[in-house]
Amino acid sequence: MIEPLLSGLVADLGWPLIAVLILAVIATSAIHGATGVAGGFLMAAAIAPIIGVKAVVPVMSVALLISHGARALLNLRDFDRSVFLAIALPAVPCIIAGAVLYGRLPAAAIGVLLGCIILASIPLRRWAKARAIKTSRPALHAAGAVYGGLSGASVGPGMLLVPFMLGYGLTKEAFVATLAAIALTTNITRVSVFGGTDLLDAQFLMLGVLVGLVTIPGNWIGRAILRRLTNEGHSGVIDALTVVGALNFFWLAYRA
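Computed from a prediction, not measured in an experiment: that's the story for all the values here.

A closer look at the overall build of the chain
In step 1: Per the secondary structure count, the chain includes 11 helices and 0 strands.
In step 2: What you see in the chain, going N to C, is helices and strands ordered as α-α-α-α-α-α-α-α-α-α-α.
In step 3: Here the chain holds 256 residues, and 51% of them are scored as buried.
In step 4: For the chain, the exposed surface amounts to about 11000 Å²; the carbon and sulfur share of it is 71%.

Rendered as structure tokens:
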């Protein structure tokens, strides 16, 4: 079963393109491991021109299931269960609703949606930081519901959780660990929804697994980088990558 799927994948993409894809995934997963965000949509940006915008979220859901699982384990001792539950519980039903909606959107609309969600996170995070927002548990619940609805239909809404989680007082290590667990829950939910549709066929599932396995060494590299980043450096890297990722999806929407 696995060998024919791998053969089909190699026949469709070719070894040179697969090699480029692997290198891109290692690089973007290292960024993901260092920042807690950004790597997911950069990975999506790298594979979208190859597999098409429509298939990006289903394939990335499988890949990030592995990536976030590995990153959650690597950062387990910094995990904040209270913040996780406050966000994840209201998010899950909204993720299901968003994933169902995703299946009905055209490719161009998906590209615009991804770009807008990612780009909007920069002013939101800077606005929250400038006002030194102190997040309450009800605010975490509300953020979780909005995040869930958006993440069911896109890759990258984790950026929107940044001001709320950091405003709750999490350190950058606790933020990365807790967001990894939230994202793991998100992707388990999305894969469960997409698995019952034609958006996630056997070959796309295999591609998602391949991408996910390649993220593991990237996450390990990213954790080493995280320990050397200052809070200001962490914030600046996120902003720069956000702009690049958003512009890429607008370009893909235009092409679609």
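Quick look at the side chain of T186
In step 1: Its location among the elements puts T186 in helix α9 (residues 172-194).
In step 2: Separated by 2.7 Å, the side chains of T186 and Y147 make a polar contact.

Description of the confidence of the model for the chain
In step 1: Looking at the chain as a whole, the pLDDT averages 75, with 73% of positions reaching at least 70.
In step 2: Within the chain, the element-level pLDDT minimum falls on helix α1 (residues 2-13), averaging 57, and the maximum on helix α5 (residues 81-102), averaging 89.

Some thoughts on α5
In step 1: Between the first and last C-alpha of α5 there are 29 Å, a value that for 22 residues agrees with the 32 Å anticipated at 1.5 Å per step.
In step 2: For α5, the principal kink sits at V92 and spans about 40 degrees; a proline, P93, occurs within the next four residues.
In step 3: For α5, the set of buried residues is V83, F84, A86, I87, A88, P90, A91, I95, G98, A99 and Y102.
In step 4: Structurally, the start of α5 carries an N-cap: the backbone nitrogen of S82 is 3.2 Å from a side-chain oxygen of D80.

Some points on the nonpolar core
In step 1: Formed by 20 residues in total, the largest nonpolar core has its most connected members in I87, L161, M165, F175 and I182.
In step 2: Elements with a contribution of two residues or more to this core: α5, α7 (137-151), α8 (162-167) and α9.
In step 3: Examining the composition of this core, we find that 7 residues originate from one element, α5, more than from any other.
In step 4: What L161 contacts, discounting residues up to four positions off in sequence, is I87, A143, Y147, L179 and I182.
In step 5: By size, the runner-up hydrophobic cluster in this structure holds 16 residues, among which are A44, V56, M60 and L207.

Quick notes on the environment of S61
In step 1: Its location among the elements puts S61 in helix α4 (residues 56-74).
In step 2: Between the C-alpha atom of S61 and that of V191, which follows or precedes it by 130 residues, the distance is 6.0 Å.
In step 3: Those residues within four positions of S61 in sequence are excluded, and the remaining contacts are N187, R190, V191 and F194.

Here's the deal with a nonpolar patch on the surface
In step 1: On the surface, a cluster of nonpolar side chains totalling about 380 Å² of accessible area is made up of L74, W220, I221 and I225.
In step 2: Top element by residues in the nonpolar patch is helix α10 (residues 202-226). It accounts for 3 residues.
In step 3: One can find L74 in helix α4.
In step 4: The exposure class of L74 is partly exposed, given its relative accessible area of 34%.

Rules used in this analysis
Residues numbered from 1 in each chain as written. Predicted model: local features only at pLDDT ≥ 70, side-chain atom pairs only at ≥ 80, totals over all residues. Heavy atoms only, no water. Helix = DSSP H or I, 4+ residues; strand = E, 2+ residues; numbered from the N terminus. Buried < 20%, exposed > 50% of the residue type's maximum accessible area, 1.4 Å probe, protein only. Areas by Shrake-Rupley, 256 points an atom, 1.4 Å probe, with all protein chains shown as cover. Polar contact = N/O pair within 3.5 Å; in protein donor to acceptor, adjacent residues only side chain to side chain. pLDDT = per-residue confidence, 0-100. Expected span 1.5 Å × (residues − 1). Bend = angle between axes of the 7 residues up to and from the residue. Core = buried A, V, L, I, M, F, W, Y, C linked by side-chain atoms within 4.5 Å. Contact = heavy atoms within 4.5 Å. Patch = residues over 30% accessible without salt bridge, like charges linked within 9 Å, V, L, I, M, F, W, Y side chains within 5 Å. Salt bridge = Lys/Arg side-chain N within 4 Å of Asp/Glu carboxyl O.

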